Amino acid sequence: MSKTRENLSDRRGNALGVALLKIMLKTLGINFTCRFVWVITLFYVLFDRRARKQSSYYLKHRFPQDRFWKRLFHTWALFTHLGQSLLQAVGMKYGCVRFENLHLERYKEKVTGQGGAVFLCSHFGSWQGMMGMIGVFDRKICILAKPDRNRNVNKDMAVDGFGDKIVWISTEGAMGGLLDVYDHLASGDLVCIMGDRSLENDSVRVQFMREEAAFPLAAFQIAHQAQVPVFPVFSYCRDGRHDTITLDIMEPVTPSEGARRRNRISELEQYTSILEDMADKYPFECYIFENIWSKHETT
């Protein structure tokens, strides 16, 4: 049995602080409140040693030339963008954040009739707020995810009111929730899977930011078995507009013929290449807080 790992968010974000931000969000608006997040995250930069350490793995690879003060500022920027992304998810609930959809036609061209698909998401941009995109699709959405330990920053902040159109599948259930995933894909539903975090011992090593890093292969194995396309999906803010989440649906990765593991790894490499390109364009919206480059897990 694999050991359940604690996420960095499990012990951060207390109820009082979240309540204060919600009041600011309702009275002062999303853009002002997001600017105020810079003040809050300064505390974490100065005093949260574990958070600094776990952010350093990504920042060292994204900004290898950084010296101490530059690295400290980049850490501050990363923490701030993360806090702002969580605020945007709350803003979806209050109607002060809207979606801008890019390349929705890619989905519509590939997924017709009763066909299902895998949406491969990342801890990137407002990945929680992105779940509010459910309303633009014509079928049920299933989210395969680890249950939140900290209910103050829970994943369903942006999806209140969608009723039975959204289904949560726990990775801590029987067989990691895979049987439910296959059932929903066979029924023509969409399944959202995180592509940048290995919850179990299912990772392989591929090139990412000039070094081998561990990424899960599960999404592509599932897509191959179910014979459905994989759509890498990203959300981000353009032009510093916190009141708008851009949802970008990338070109689908169609499972190649043959059951060889090498084929699945090649498909994974297409995703990690896209993730690296997105991190180049939006460096402070990529939230990799694990040492995926180490051959031995570091926490």
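Everything numeric in this text was worked out from a predicted model, so none of it was measured. (Residues numbered from 1 in each chain as written. Predicted model: local features only at pLDDT ≥ 70, side-chain atom pairs only at ≥ 80, totals over all residues. Heavy atoms only, no water.)

Participant: It is not clear to me how the side chain of Gln88 should be interpreted in this structure. Could you clarify?
Facilitator: Within the element layout of this structure, Gln88 appears in helix 4 (residues 68–94). A relative accessible area of 2% means that Gln88 is categorised as buried. Residue contacts for Gln88: discarding those within four places in its chain leaves Ile30, Val97, Ser126, Cys237, Arg241, His242, Thr244 and Ile245. (Helix = DSSP H or I, 4+ residues; strand = E, 2+ residues; numbered from the N terminus. Buried < 20%, exposed > 50% of the residue type's maximum accessible area, 1.4 Å probe, protein only. Contact = heavy atoms within 4.5 Å.)

Participant: Explain the packing of helix 6 (residues 178–186) against helix 7 (residues 218–226) to me, please; I cannot follow it from the model alone.
Facilitator: Relative orientation and spacing of two packed helices are given, respectively, by the angle between their axes and the distance between those axes. Helix 7 packs onto helix 6 with a crossing angle of 45° between their chain directions and a minimal axis gap of 10 Å. Regarding the angle of helix 6 to helix 7, the classification is oblique. Crossing geometry of helix 6 relative to helix 7 is assigned as right-handed. Where helix 6 abuts helix 7, its residues Leu178, Val181, Tyr182 and Leu185 lie against Gln221, Ile222, Gln225 and Ala226. Looking at the contact of helix 6 with helix 7, its residues break down into 6 nonpolar, 2 polar and no charged. (Axes fitted to C-alpha atoms, helices over the stretch in contact; angles between N-to-C directions. Parallel < 35°, antiparallel > 145°, perpendicular 65-115°, else oblique. Left-handed = near helix turned anticlockwise from the far one by under 90°. Nonpolar A, V, L, I, M, F, W, Y, C, P; charged D, E, K, R; others polar.)

Participant: I would appreciate a short explanation of helix 3 (residues 49–62) in the present structure.
Facilitator: Two residues of an α-helix separated by three or four positions point the same way, owing to the 3.6 residues in each turn. Between its first and last C-alpha atoms helix 3 spans 20 Å; for 14 residues at 1.5 Å apiece the expected length is 20 Å, and the two agree. In the structure, helix 3 departs most strongly from a straight axis at Ser56, where the bend amounts to approximately 40°. Among the residues of helix 3, Ala51, Gln54, Ser55, Ser56, Tyr57, Tyr58, Leu59, His61 and Arg62 are the ones counted as buried. Structurally, helix 3 contributes buried residues whose contacts are with helix 4, strand 7 (211–216) and helix 8 (261–281). (Expected span 1.5 Å × (residues − 1). Bend = angle between axes of the 7 residues up to and from the residue.)

Participant: Which parts of the structure should I look at to understand a nonpolar patch on the surface?
Facilitator: Side chains of Leu42, Phe43, Leu46 and Phe47 sit close together on the surface and give an oily, nonpolar patch of about 420 Å² of accessible area. Within the fold, Leu46 resides in helix 2 (residues 30–47). (Patch = residues over 30% accessible without salt bridge, like charges linked within 9 Å, V, L, I, M, F, W, Y side chains within 5 Å. Areas by Shrake-Rupley, 256 points an atom, 1.4 Å probe, with all protein chains shown as cover. Salt bridge = Lys/Arg side-chain N within 4 Å of Asp/Glu carboxyl O.)

Participant: So what exactly am I meant to see when it comes to the confidence of the model for the protein here?
Facilitator: Close reading of the predicted structure is inappropriate where its pLDDT is low. Across the protein, the average pLDDT comes to 85, with 87% of residues at or above 70. Of all secondary-structure elements in the protein, the lowest mean pLDDT belongs to helix 1 (residues 15–28), at 83, while helix 3 reaches the highest, 96. (pLDDT = per-residue confidence, 0-100.)

Participant: When you look at the packing of aromatic side chains in this model, what are you seeing that I'm missing?
Facilitator: Aromatic ring pairs are described here by two measures, namely the spacing of the ring centres and the angle between the planes. Enumeration according to the criterion identifies 19 aromatic pairs in this entry. For the pair Tyr236 and Tyr282, a centre-to-centre distance of 4.5 Å together with 25° between the ring planes defines the contact as stacked. Within this pair, whereas Tyr236 is found in strand 8 (residues 230–236), its partner Tyr282 is found in the segment after helix 8, the two being separated by 46 residues in sequence. By relative accessible area, Tyr236 is classed as buried at 5%. Of the aromatic side chains, those joined through ring pairs into one cluster are Tyr107, Phe119, Phe137 and Phe231. The aromatic ring of Phe63 is capped on one face by Arg62, whose charged end is 4.7 Å from the ring centroid. (Phe/Tyr/Trp six-rings, centres within 6.5 Å; stacked < 30°, edge-to-face > 60°. Lys NZ or Arg CZ within 6 Å of the ring centre and 35° of its normal.)

Participant: Whenever I open this one, the sheet that holds strand 5 (residues 190–194) confuses me. Can you help?
Facilitator: Hydrogen bonding along the main chain pairs the strands of a sheet, whether they run parallel or antiparallel. In spatial order, the strands read 1-9-8-2-5-3-4; together these 7 strands make up an open sheet with mixed pairing. On the outer flanks of this sheet lie strand 1 (98–102) and strand 4 (166–170), each paired with one strand and no other. Direction aside, neighbouring strands of the sheet carry axes that sit 25° apart on average. Where strand 2 (residues 117–121) lies against strand 5, 5 bridges are found, and the strand directions are parallel. Within the sheet, the bridge partner assigned to Phe119 lies in strand 5 and is Cys192. (Pairing = 2+ DSSP bridges.)

Participant: Is there a simple way to think about helix 7 in this case?
Facilitator: Within the span of helix 7, buried status applies to Ala219, Phe220, Ile222, Ala223 and His224. Elements in contact with the buried residues of helix 7: strand 2, helix 6, strand 5, strand 8 and helix 8. Phi turns positive, to about 55°, at Gln227, one or two residues after helix 7.

Participant: Even after reading the chapter, I still don't get the pattern of salt bridges, so can you show me in this structure?
Facilitator: Per the stated rule, a full pass over the model turns up 7 salt bridges. The partner of Glu290 in a salt bridge is Arg197, with the nearest N and O atoms 3.7 Å apart. With Glu290 in the segment after helix 8 and Arg197 in the loop between strand 5 and strand 6 (203–208), this pair connects stretches of sequence that are 93 residues apart.

Participant: Got a minute to help me understand the environment of Glu251 in this structure?
Facilitator: Note that Glu251 resides in the loop between strand 9 (244–249) and helix 8. The spacing of Glu251 and Val230 is 21 residues in sequence and 8.8 Å in space, taken between C-alpha atoms. Here the side chain of Glu251 touches Arg106 through a polar contact of 3.4 Å, side chain to side chain. (Polar contact = N/O pair within 3.5 Å; in protein donor to acceptor, adjacent residues only side chain to side chain.)

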